[in-house]
Protein chains: 4
Amino acid sequence: MVERIVTAGRQVLVEHGYERTTTNRVADAAGISPGSLYQYFPNKEAVLAAVVDAYSAEIADQLAAVVTDRLDLPPLELMRASYDDLLDILLANREYVRLMTRELPHARVAPHVDQLERRVSDLVGTYLSAARPTDRVSPSTSAWILVRMVEHLCVQYVLDDPPFSRQTLVDELVRLSAGHLA
Amino acid sequence: MVERIVTAGRQVLVEHGYERTTTNRVADAAGISPGSLYQYFPNKEAVLAAVVDAYSAEIADQLAAVVTDRLDLPPLELMRASYDDLLDILLANREYVRLMTRELPHARVAPHVDQLERRVSDLVGTYLSAARPTDRVSPSTSAWILVRMVEHLCVQYVLDDPPFSRQTLVDELVRLSAGHLA
Amino acid sequence: MVERIVTAGRQVLVEHGYERTTTNRVADAAGISPGSLYQYFPNKEAVLAAVVDAYSAEIADQLAAVVTDRLDLPPLELMRASYDDLLDILLANREYVRLMTRELPHARVAPHVDQLERRVSDLVGTYLSAARPTDRVSPSTSAWILVRMVEHLCVQYVLDDPPFSRQTLVDELVRLSAGHLA
Amino acid sequence: MVERIVTAGRQVLVEHGYERTTTNRVADAAGISPGSLYQYFPNKEAVLAAVVDAYSAEIADQLAAVVTDRLDLPPLELMRASYDDLLDILLANREYVRLMTRELPHARVAPHVDQLERRVSDLVGTYLSAARPTDRVSPSTSAWILVRMVEHLCVQYVLDDPPFSRQTLVDELVRLSAGHLA
DNA sequence: TATGAATGAGTTTTCATTCAT
DNA sequence: GATGAATGAAAACTCATTCAT
């Protein structure tokens, strides 16, 4: 039932937008009464948090795995494969990407995005520390830059659908990353 | 008077946040009655749009000028100087950056950001067309990538204050851009 | 089971106050489901009535006995002993006194208080009819005045704890009563 | 308008009872919209407080004057006249007496009643200190007992309309008081 | 033109009560 | 009988908008 409500919440969010997401509408979409909703969630806030949480649980692991699963590859291969998969995942979950970056207030999403970025940045930072001797910038700085750059360009690509191919984006991301690390 | 209302709107937005920005509060901050507000704006929507417009008018020209004023420079110098100035502008207008990217709903900001991005992208695209013969990617693709990359990393840097210097960011942005164009 | 519910109701009333006494909370305190509560009581009203009834059953007899058991004593002794016991009983049941006079709506308590007052007044009236020839006022008027006076002052003393001794109150009540009857 | 709302609140309280007094009903009775009510009062609580305050302002001074205006009389005359007037006032404001002692939750009324009782008790205590040398009980104890006794019996008389005359009650109150002070 | 009191639909939330299991 | 999830009407309160002055 919690799941039903969360699904309904997600749906209302997608269909009506954040500002038109009311507890009554969510209850309606879940096919329950407003009172029932409050047997599973203490307030509206908690319903929205659950929707965001569910998204994170569903997608964040996939996103982290994009890097995690390839930490044994050499940088270039890791990057190409990761960016490729990343785009796959985001393209397959366009609606959620839109929800997180376009629909929900930043404050509600920030904790999850921050956590994911930190998680991936840590991975990348560690990877770089091992793969590369010291350099112009610290591994954590590199990670900060690369993670945000790749993330943002992929998200933008997925949502704004610019007039160049998916392959082009991956190629250019790899090139940018390689240039940065060279 | 329109200006007074817009200023008040901006102030309320900054001090109270989007969700606590009511027409009454804006009227109050403008020292007028709610009824008067509706003689200058048809509805709340329009007030917020005007606030965003005013922001764009105030900052967007500066931002565009960052590139415009240097179209005669060679790429590397143009980039370094532009990124430097861009960071200056954003750092000097942190509050507005926060408003546009963290406080206001994306839908309200998107038209302006898109317009600015298109404007700068066009400039950059044209510049690249002239500066560089054909290449891996079209000038407009390059522009799309570079503009979004630089913009996003600078905005993030300004708002999240990561533990590396402003100079480092500029250096790395130049390096990334140069690598992309090479 | 009815008893369990009534006990729970009393407990919730004491701990949470009348306005925060919900049927769900009572059921919870009774360790049963809200549905079960409705197998023993038709509605919330009835539960509260039962709580008040139980209180009356528990205390009212003691209170009536204060007089009943002493109808063979001469007036002054009867009064002194009765008031003394009355105070004992009320002091020993302060929580219930508070419930009846401060927590519950008057309408819910009135029937029981009225009944008790009538019962005691009748006793006292009868006693006075026998003990005393005719006088300034009828026995029932005397009873009305004395019962309410003593009851109210004792209740107030118990709940408000004024800065004089219990003994003083008893002395003064006896004196007042004696003065009235003289 | 505040007055209109307070009047409406009082009326709803009288006609529908405390538990059926809702902000919407009060607004309705005042002939205004629920929103308007909230331009004059921050919440329901405040409306009810204002109703009680208005009552106090209207009646409490009269009640206190009952004693204040006669502090130069000898005790017996003071008492007789005061009790007489007190009954007049309470009989003339039966509806308000009912509201304060029967309808509203004790917690809402207590501050006002306590204040009034303290005010009158202080007066009486001071009067007794002057009129009478030391005695069985302190003036403040006498005041505590007399004020509560008289108040309660008068209130009960007014609300319950027992089968004896108003004059009888006054006579007996005087007698009781005199007996206490003798 | 400016006002600001008035509006009332819409929001979140509660809770006495029901009923399928 | 017992359950407890589900109900839904009703409550307090908000706020964009209007309109008589």
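All residue numbers here refer to positions counted from 1 along the written sequence of the relevant chain. Note on labels: chains are lettered from A, ligands numbered from 1, in written order. Predicted model: local features are reported for residues with pLDDT of at least 70 only, side-chain atom pairs are reported and counted for 80 or more only, and whole-chain, interface and lining totals are derived from all residues. Side-chain measures were taken over the full set of non-hydrogen atoms in the model, leaving aside hydrogen atoms and water.

The name that an unreviewed UniProt entry assigns to chain A is TetR/AcrR family transcriptional regulator, with the source organism given as Aeromicrobium alkaliterrae.

Enquirer: Now, about the overall build of chain A: what can you tell me, with residues and values included?
Expert: If you tally the helices and strands in chain A, you get nine helices and zero strands. Think of it this way: any DSSP run of H or I at least four residues long counts as a helix, any run of E at least two long counts as a strand, and we number them from the N terminus. Each helix and strand of chain A, placed in order from N terminus to C terminus, yields the pattern α-α-α-α-α-α-α-α-α. A simple rule labels every residue: compare its accessible area, found with a 1.4 Å probe on the protein chains alone, to the largest value its type can have, and call it buried under 20%, exposed over 50%, or partly exposed in between. The buried share among the 182 residues of chain A stands at 49%. A separation of at least 24 residues holds for 69% of the contacts in chain A among residues at least 6 apart in sequence. Residue contacts are defined here by distance: any two heavy atoms, one from each residue, within 4.5 Å place the two residues in contact.

Enquirer: Which residues make up the relation of the copies chain B and chain A, and what are the values?
Expert: Mapping chain B onto chain A calls for a screw motion: a turn of 178° about the axis and a shift of 0.1 Å along it, with 0.4 Å RMSD after fitting. Read as a symmetry element, the transformation amounts to a two-fold axis. A high fraction, 100%, of the interface residues of chain B reappear at the interface in chain A, so the copies pair face to face through one surface. A least-squares superposition brings the copies together, and it is based on the C-alpha atoms of residues with pLDDT no lower than 70 in both.

Enquirer: Quick rundown of the interface of chain C and chain D? Include the residues and the values.
Expert: Listed as interface residues are 27 residues of chain C and, on the opposing side, 26 residues of chain D. Across the interface of chain C and chain D, roughly 2,700 Å² is buried in total on both sides, 63% from carbon and sulfur atoms. Summed over the three residues of chain C that lose the most area to chain D, namely Trp144(C), Arg175(C) and Leu176(C), the buried surface amounts to 22% of that side. What makes a salt bridge here is a side-chain nitrogen of Lys or Arg within 4 Å of a carboxyl oxygen of Asp or Glu, nothing more. For the interface between chain C and chain D, the tally reads two salt bridges. As used in this structure description, the phrase polar contact means that two N or O atoms lie within 3.5 Å; if the pair is within protein, one of them must be able to donate a hydrogen and the other to accept it, and residues adjacent in sequence are counted only when both atoms belong to side chains. Taken together, chain C and chain D are joined by 13 residue pairs in polar contact (both at pLDDT 80 or more). For the side of chain C that touches chain D, the secondary structure elements donating two or more residues are α6 (94-103), α7 (106-131), α8 (139-160) and α9 (166-181) of chain C. No other element matches α8(C), which puts nine residues into the side of chain C that touches chain D. Accessible area, probed at 1.4 Å, shrinks when two parts are joined; the buried area is that loss added up over both.

Enquirer: Go over the protein's contact with DNA strand F with me, naming the residues and quoting the values.
Expert: Nearness here has a simple test: a residue counts as near a molecule or strand if at least one of its heavy atoms is within 4 Å of that partner. Around DNA strand F, the surrounding shell holds 29 residues, and the nearest of these are Met1(A), Tyr40(A), Thr23(B), Ser36(C) and Tyr40(C). Backbone sugar and phosphate groups make up 63% of those atoms of DNA strand F lying within 4 Å of the protein. The separation between a phosphate oxygen of DNA strand F and a polar main-chain atom of Lys44(B) is 3.0 Å. Gln39(C) places a polar side-chain atom, nitrogen or oxygen, 3.3 Å from a base nitrogen of DNA strand F. Going through the elements one at a time, α3 (34-40) of chain A, α2 (23-30) and α3 (34-40) of chain B, α3 (34-40) of chain C together with α2 (23-29) and α3 (34-40) of chain D are the ones with two or more residues in the surface near DNA strand F. Throughout, the ten residues Ala, Val, Leu, Ile, Met, Phe, Trp, Tyr, Cys and Pro are labelled nonpolar, Asp, Glu, Lys and Arg are labelled charged, and all others, Gly among them, are labelled polar. Grouping the amino acids of the surface near DNA strand F by side-chain chemistry returns nine nonpolar, 18 polar and two charged.

Enquirer: Tell me about the interface of chain B and chain A, residues and numbers included.
Expert: Taken together, the contacts link 27 residues of chain B with 27 residues of chain A. Each partner contributes to the roughly 2,700 Å² buried at the junction of chain B and chain A, and carbon and sulfur atoms together form 63% of this total. Where chain B touches chain A, the interface holds two salt bridges. Looking at the side of chain B that touches chain A element by element, the count peaks at nine residues for helix α8 (residues 139-160) of chain B.

Enquirer: Describe in detail the protein's contact with DNA strand E, supporting the description with residues and values.
Expert: Close to DNA strand E lie 30 residues, the nearest being Tyr38(A), Ser36(B), Thr23(C), Met1(D) and Tyr40(D). The sugar and phosphate moieties of DNA strand E supply 60% of its atoms located within 4 Å of the protein. Within the contact set of DNA strand E, a base nitrogen lies 3.3 Å away from a side-chain nitrogen or oxygen of Ser33(B). Contacts to DNA strand E include Gln39(D), whose side-chain N or O atom sits 3.1 Å from a base nitrogen. Secondary structure elements with two or more residues in the surface near DNA strand E: α2 (23-29) and α3 of chain A, α3 of chain B, α2 (23-29) and α3 of chain C together with α3 of chain D. Tallied by class, residues from the surface near DNA strand E come to eight nonpolar, 20 polar and two charged.

Enquirer: Kindly report on the pattern of salt bridges, identifying the contributing residues and their values.
Expert: Tallied over the entire structure, the rule returns 48 salt bridges over all chains. Across the pair Arg108(B) and Glu45(B) runs a salt bridge whose closest N-O atoms are separated by 3.0 Å. Of this pair, Arg108(B) sits in helix α7 (residues 106-131) while Glu45(B) sits in helix α4 (residues 44-68), and the two are 63 residues apart along the sequence. Looking at Arg108(B), the relative accessible area reads 18%, which means it is buried. A salt bridge links Arg166(D) to Asp88(D); the shortest N-O distance between them is 2.7 Å.

Enquirer: Any chance you could break down the UniProt feature "DNA-binding region" (unreviewed entry) in chain A for me, citing the residues and the numbers?
Expert: UniProt tags residues 22-41 of chain A as "DNA-binding region" (unreviewed entry). Helix makes up 70% of residues 22-41 of chain A and strand 0%, and the two end C-alpha atoms of the span are 14 Å apart. UniProt positions are given in the numbering used here, feature names are shortened, and annotations may be inferred rather than shown by experiment.

Enquirer: Explain the arrangement of the chains residue by residue, including any values.
Expert: At the level of C-alpha atoms, the two units chain A and chain C stay apart, their nearest approach being 12 Å. Nothing in chain B touches chain D; the tightest C-alpha to C-alpha distance between them is still 13 Å.

Enquirer: Explain helix α9 (residues 166-181) of chain B to me, using residue names and the numbers behind them.
Expert: The span expected for a helix works out to 1.5 Å for each residue beyond the first. Taking 1.5 Å per residue, 16 residues should reach 22 Å; α9(B) reaches 23 Å between its end C-alpha atoms and fits that length. The secondary structure elements touched by the buried residues of α9(B) are α8 (139-160) and α9 (166-181) of chain A together with α5 (75-92), α7 and α8 of chain B.

Enquirer: Quick one: what's the story with α9(C), residue by residue and with numbers?
Expert: If you check which residues of α9(C) are buried, you get Leu169(C), Val170(C), Glu172(C), Leu173(C), Val174(C), Leu176(C), Ser177(C), His180(C) and Leu181(C). Considering only its buried residues, α9(C) is in contact with α5 (75-92), α7 and α8 of chain C together with α8 (139-160) and α9 (166-181) of chain D.

Enquirer: Which residues make up the environment of Ile5(D), and what values go with them?
Expert: Residues and elements named next belong to chain D. On the secondary structure map, Ile5 appears in helix α1 (residues 2-16). On a C-alpha basis, the gap between Ile5 and Asp72 in space is 41 Å, while along the polypeptide they are 67 residues apart. In contact with Ile5, other than residues within four places in its own chain, are Val26, Ala30, Ile32, Leu37, Tyr40, Phe41 and Val47.

Enquirer: I'd like a rundown of unusual backbone geometry, residues and numbers included.
Expert: Residue and element names in this part refer to chain C. Of note in the backbone geometry, Asp161 takes a positive phi value of approximately 45° without being a glycine. Its place among the elements puts Asp161 in the loop between α8 and α9. On the basis of relative accessibility, which here comes to 56%, the residue Asp161 falls in the exposed class.

Enquirer: For the packing of aromatic side chains, give the residues involved together with the corresponding values.
Expert: The aromatic pairing rule takes the rings of Phe, Tyr and Trp, using the six-membered ring of Trp, and pairs them if the centres are within 6.5 Å, calling planes under 30 degrees apart stacked, those over 60 edge-to-face and the rest tilted. On inspection of all chains with the given rule, the structure shows twelve aromatic pairs over all chains. With a centroid separation of 5.5 Å and an interplanar angle of 45°, the aromatic rings of Tyr157(A) and Phe164(A) are classed as tilted. The pair Tyr157(A) / Phe164(A) is uniform in exposure class, with both members buried. Ring centres of Tyr55(B) and Tyr96(B) lie 5.6 Å apart, and the angle between their planes is 20°; this geometry places the pair in the stacked category. Highlighted residues: Tyr55(B) in helix α4 and Tyr96(B) in helix α6 (residues 94-103), separated in sequence by 41 residues. A ring is scored as having a charge over it whenever the NZ atom of a lysine or the CZ atom of an arginine sits within 6 Å of its centre and within 35 degrees of its normal. Over the aromatic face of Tyr18(B) sits the side chain of Lys44(B), whose NZ or CZ is 5.9 Å from the ring centroid.

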